Amino acid sequence: MAGIYIHVPFCKQKCTYCDFASYPKEIGKEEAYFACLYREMLGRKEELKEYTFNTVYFGGGTPSFVKPEHILGAMNQIKKCYNLTENAEITLEVNPGTLTEENLKIYKKAGINRFSIGLQSGWNEDLEKLNRIHTAKDFLLCTSMLKREGFENFSADILLGLENQTIEKVKKSIDLAVAGGVKHISMYALTPEVGTPIYTNYLNGELLSDDEVGEIYEEAYKYLESLGLYRYEVSNFASLGYESRHNLNYWRRGEYIGFGVSASSFIDERRFTNSFKIDEYMNLVILNKKPEISSDIIELEDAMFEFIMLGLRTKEGININKFEVLFKENFLTRYKDVLKKNEKVLDLNDGYLSIKDEYLYVQNHIIMDFMK
Amino acid sequence: MSKNPSENIRNFCIIAHIDHGKSTLADRLMEQTGQVSSREMEEQLLDSMDLERERGITIKLTPVRMFYTAKDGKEYTFNLIDTPGHVDFTYEVSRSLAACEGAILIVDASQGVEAQTLANVYLALENNLEIMPVINKIDLQSARPTEVAKEIEDIIGLEAMNCPKISAKEGLNICDVLESVVTSFPPPQGDEEGPLKALIFDSYYDNFKGVICFVRIVDGEVKIGTKIKTFMSPKEFDVTEVGVFSPKLTPKASLKAGEVGYIAASIKSIEDIAVGDTITEVGNATPKPLPGYKKVLPVVFSGVYPLDGSRFNDLKDALLKLKLNDASLTFEADNSVALGFGFRCGFLGLLHMEVIQERLEREFDLDIVTTAPSVSYLVHKTDGSVMNVDNPTHLPPVTEIDYIEEPMINASIFSPPEYVGAIMELCQQKRGVYKDLVYLDKLRVEMKYVLPLNEIIYDFFDSLKSRTRGYASFDYEIAEYQKSDLVKLDMLLNGEICDALSIIVHKEKAYERGRAIAEKLKEVIPRQMFEIPIQAVIGGKIIARETVKAYRKDVLAKCYGGDVTRKKKLLEKQKEGKKKMRSIGSVEIPSEAFITILKTDNK
């Protein structure tokens, strides 16, 4: 089973921490952009005809910011070109301030059955500083709208590391999300990327330190679990059965195809990424060329490491049997020394190797030991 | 080539305190004799090691041959042997002195006579060299050549009023120096017809020619085909090449009595040649070897380990090659729980240790870990036996020790009078015993102290310099052993002794040092997944404790489809840093930790 990712690079305005391909100034190009997306999908039809897809994910940018007909169009094109399973998980990222009932009806028609809501914080002062277009109240309006339309599988994003953030404030944000009825929370630490406005705040020392984030995270993690949202990956928490299948596929090193500007793919041991420039992307597609700008064949060593690096992010860990089938190597022999060195921090249970709960958030050094 | 009868040869060296302009003068002499044109002149030609140029010091002696037509119309051959200035390299100096008849003594026109100046003068006198003072840097604003000349006469007792007063930097009065070399220094004595007798004063290994011996021919002649042997090795060799230094190796037909040059004889094994040994001819051997050199004993010891354990043999090769032209370096295989296989090396001093470490890293491309330097202690055991311990790990259990003796030094510290108080305080801290204080003149005092060597091998020199704004200089000689109250201080990381961090220290200073080292370790050990307790322990008793806190967050914030390649690169970068670490049990320590902990009381 494989996943499909569609990048929608349009936003009303850019958030201060955003370094994704999103173009507030390029509004008006949506029609042309989606035309290109359809064309790109068609272009890969032959190549991917053997594949069956069981997840679709619309990410951005703000997919809920463009006309819902575009989403419907994209879904129709996917169904036309690819084998999509009956019960596929189809996720749309939404901004709480952009959702309307009319739009929801069209999403439903498109087959969207999961929503990922960019809440980020339950505090309006934070949202303002981040240049978000919504308020805490918008979030509750958004979730009640979803529930009225019969949706129950939706998630909220929460950011850690914001200026003056405390565990109490984070708990309040979680409370808000839970009050809205989310079955899933993604809780990310803010990563100030060079070139984003928030990087200045970072340089000025206004954001929380790694230690402070780590402390808040541990508290928040316990709090989330106490609310029945259990951690199935470093940054992702869900009620049983509401884990994101699309994202789990990444961490199990499953294959996926990405469409649109900046989208990445992993097909047949090859990782490739589309152009980050919207005009270049569209030009290439119009010329019937692949819009890829980088492509790497993953060699065996690297593949094994990726499998471990991704797998150890999850609660379940690495499926050792699967490793041996994929790479034709005995896992326990190959990593004997690493396993010995890290025995205090690793769990080996029922054919799965995972990092103990208390070390999941400080895992880089463990993972690095698996690197040659 | 008998155009140069030994009458016209002058073999000399230049001695000076560090930074008084020795290498600059050597360059100027070569330039003026046309040995190198000023166009192709690279600054400080003789300091060919990168390390020497960077630090502006001379470490290795380097010979060069020059031709000079004197005022008497005759052409003279000059063999100049450049020498190091630092106290640690006294041994190198004495080696070059034995190959010379004269020594140019450079004195800085503003700084005057310094500790090292004196030390080198005494060495030169011991070797029966003629000494010619030269006052350098007369171009400086602060130059006081007449006063300095008087200083030389008063302190050293050399006639100096009419000596050359020059500026090597500006090229002023260099011809005075060249002329004085002819008139002040005697030509070499020696019997050209007698059996071959040549002193090996240096050597190095060449991949094509084998060992190259730097020699001073005392008697006889050596040419290609001469069958030679040395006194210390039974092996015989056929000479394949002889030549002189110009300053690059330049082949010649033969070398005769009085000359300085090199010999190559397809000597493949480094062990077959010892610096200080005498070369003679097979079948026509000289009955008695030259006195050779006083064997120098290392006084500072430290463990040297390859960062990558699999490079043990490379390290061994490198040390062997270094030893070839640095006989003062000693080493033997050693094994540490924390660091694996390596060598316990003996050095002449701290600078010597640093230089060897840097040469290992630069010239042999090795990443090494070095442990805290130690001196050699005499441990008197309760069973009456005495053992030498230069590695704290080898110290027997307390119950088996009757008492320990440590090596002392006689230190001479020269300084302007205003720093006397600061120096006394420093010496006091270092367990020094005051002996004497002499006013050399209005501006300089000489203080004499007896100090334990183990107190000065850490940071004494740096502290002295910083307390006297760089004015004080320091010289020492090893004195006798003294009974002392010494204990072994161990460092525990995460509850386990790290043998590479153990030191032997005076009981009264143990608490302070233990605390300082623990604090320093806390600074240099990066935070890890676990909390790491650091404890300083003496005989089972914990005297200091610090904790390296565990980090709270060390994770890639998110990792989805598009992130994999980028995040993998981030991890690879993080891993690079980790590779510079040594794992000791479950704790990772950066390799420089072992040395930086020494710089604990540099206030």
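Note that the coordinates shown come from a computational prediction; the quantities given were computed from them, not determined experimentally.

**Q** An account of the overall build of chain A is requested, with residue identities and associated values reported.
**A** Of the regular secondary structure elements, chain A holds 15 helices and 15 strands. Across the 372 residues of chain A, 58% fall into the buried class. Within chain A, residue pairs in contact and separated by at least 24 positions form 70% of the contacts whose partners lie at least 6 positions apart. When the accessible area of chain A is evaluated, it comes to approximately 15,700 Å², of which 51% is carbon and sulfur surface.

**Q** Describe the packing of aromatic side chains, and please don't skip the residues or the numbers.
**A** Pairs of aromatic rings are described using the distance from one ring centre to the other and the angle between the two planes. As enumerated under the stated definition, the model contains 38 aromatic pairs over all chains in all. On the numbers, 4.8 Å between centres and 75° between planes, the contact of A:Phe115 with A:Phe151 is edge-to-face. In this pair, A:Phe115 is assigned in strand β4 (residues 114-120) and A:Phe151 in the loop between α5 (136-148) and β5 (154-160), connecting sequence segments 36 residues apart. For the pair A:Phe115 and A:Phe151, a shared accessibility class is recorded, and that class is buried. Each residue in the set A:Tyr188, A:Tyr232, A:Tyr250, A:Trp251, A:Tyr256, A:Phe266 and B:Tyr560 is aromatic and connected to the rest through ring pairs, giving one cluster. Above the ring of A:Tyr188, the side-chain terminus of B:Lys558 is found at 4.2 Å from the ring centroid.

**Q** Give a description of the sheet that holds strand β7 (residues 210-219) of chain B that names residues and reports values.
**A** Residue and element names in this part refer to chain B. Here we have eight strands laid out as an open sheet, ordered β10-β9-β15-β6-β7-β14-β11-β12, and antiparallel in their pairing. With partners counted over all chains shown, the strands left at the sheet margins are β10 (236-238) and β12 (249-252), one partner each. Put simply, the sheet's adjacent strands are angled 40° from each other on average, direction ignored. Inspection of the sheet shows strand β11 (residues 241-245) paired to strand β14 (residues 260-264) by three bridges, in the antiparallel sense. Looking at the pairing, Gly243 lines up with Tyr262 of β14.

**Q** Help me get a handle on the pattern of salt bridges, residues and values and all.
**A** The full count for this structure, using the stated rule, is 52 salt bridges over all chains. A salt bridge links B:Glu31 to B:Arg28, with the nearest nitrogen and oxygen atoms 2.8 Å apart. Taken together, the residues B:Glu31 and B:Arg28, both in helix α1 (residues 22-32) and three residues apart, mark about one turn of the helix. B:Glu151 serves as the salt-bridge partner of B:Arg144, at 3.3 Å between the closest nitrogen and oxygen. Across this residue pair, the class does not change: B:Arg144 and B:Glu151 are buried. Linked by salt bridges that have partners in common, A:Arg253, A:Glu269, A:Arg271, A:Asp302, A:Glu306 and B:Lys568 make up one network.

**Q** Just give me the short version of the interface of chain A and chain B, but keep the residues and values in it.
**A** Each partner contributes to the interface: chain A provides 45 residues, whereas chain B provides 28 residues. Here chain A meets chain B over a buried area of about 3,400 Å², counting both sides, of which 57% is carbon and sulfur. Our count for the chain A to chain B interface comes out at seven salt bridges. One salt bridge in this structure joins B:Lys568 and A:Asp302, with 3.8 Å as the shortest N-O distance. Counting the contacts that link chain A with chain B gives 18 residue pairs in polar contact (both at pLDDT 80 or more). At the level of secondary structure, the elements contributing two or more residues to the side of chain A that touches chain B comprise β6 (184-189), α8 (210-226), α9 (245-251), α11 (300-311) and α15 (364-369) of chain A. When its residues are assigned to classes, the side of chain A that touches chain B shows 21 nonpolar, ten polar and 14 charged.

**Q** How would you sum up a negative patch on the surface? Please name residues and give values.
**A** Residue and element names in this part refer to chain B. Side chains of Asp308, Glu361, Asp365 and Asp367 sit close together on the surface and give a patch of like negative charge. When you line up the elements, Asp367 lands in the loop between α8 (350-363) and β19 (368-370). By relative accessible area, Asp367 is classed as partly exposed at 42%.

Each value, and the rule that gives it
Per chain, residue numbering runs from 1 following the sequence as it is written. Chains and ligands are labelled sequentially in the order written, the chains with letters from A and the ligands with numbers from 1. Restriction of local features to residues with pLDDT of at least 70 applies here, the model being predicted, together with a cutoff of 80 or more for giving and counting side-chain atom pairs; totals for whole chains, interfaces and linings are based on all residues. Excluding hydrogens and water, the side-chain values take into account all heavy atoms of the structure. Helical segments are the DSSP runs of H or I of at least four residues, strand segments are the runs of E of at least two, and each set is numbered from the N terminus. Think of it in three bands: with a 1.4 Å probe and only protein chains considered, a residue is buried below 20% of the maximum accessible area for its type, exposed above 50%, and partly exposed in between. In what follows, a contact means two residues having at least one pair of non-hydrogen atoms within 4.5 Å. Each accessible area value is a Shrake-Rupley result obtained with a 1.4 Å probe; residue values ignore everything except the protein chains displayed when judging cover. We call Phe, Tyr and Trp rings a pair once their centres come within 6.5 Å, taking the six-membered ring for Trp, and we label the pair stacked below 30 degrees between planes, edge-to-face above 60, and tilted otherwise. Geometrically, a lysine NZ or arginine CZ counts as sitting over a ring once it is within 6 Å of the ring centre and also within 35 degrees of the ring normal. In this analysis, strands are considered paired if DSSP registers two or more bridges between them. For helices, the axis comes from a line fit to the C-alpha atoms of the stretch in contact; other axes are also lines fit to C-alpha atoms, and the angle between any two N-to-C directions lies between 0 and 180 degrees. We count a salt bridge whenever a side-chain nitrogen from Lys or Arg sits within 4 Å of a carboxyl oxygen from Asp or Glu. Throughout, buried area stands for the accessible area (probe radius 1.4 Å) lost by two parts on being put together, summed over both. We call two N or O atoms a polar contact when they sit within 3.5 Å, provided that within protein one can donate a hydrogen and the other can accept it, with sequence-adjacent residues counted only if both atoms are side-chain atoms. Charged residues are taken to be Asp, Glu, Lys and Arg, nonpolar residues to be Ala, Val, Leu, Ile, Met, Phe, Trp, Tyr, Cys and Pro, and polar residues to be all remaining types, Gly included. In this scheme, patches are assembled from residues that exceed 30% relative accessible area and form no salt bridge. Like charges are connected within 9 Å, while nonpolar side chains (Val, Leu, Ile, Met, Phe, Trp, Tyr) are connected within 5 Å. Think of it this way: Lys and Arg go in the positive column, Asp and Glu in the negative one, and His and the chain ends go nowhere. For this purpose, a charge sits on NZ of Lys, CZ of Arg, CG of Asp or CD of Glu.

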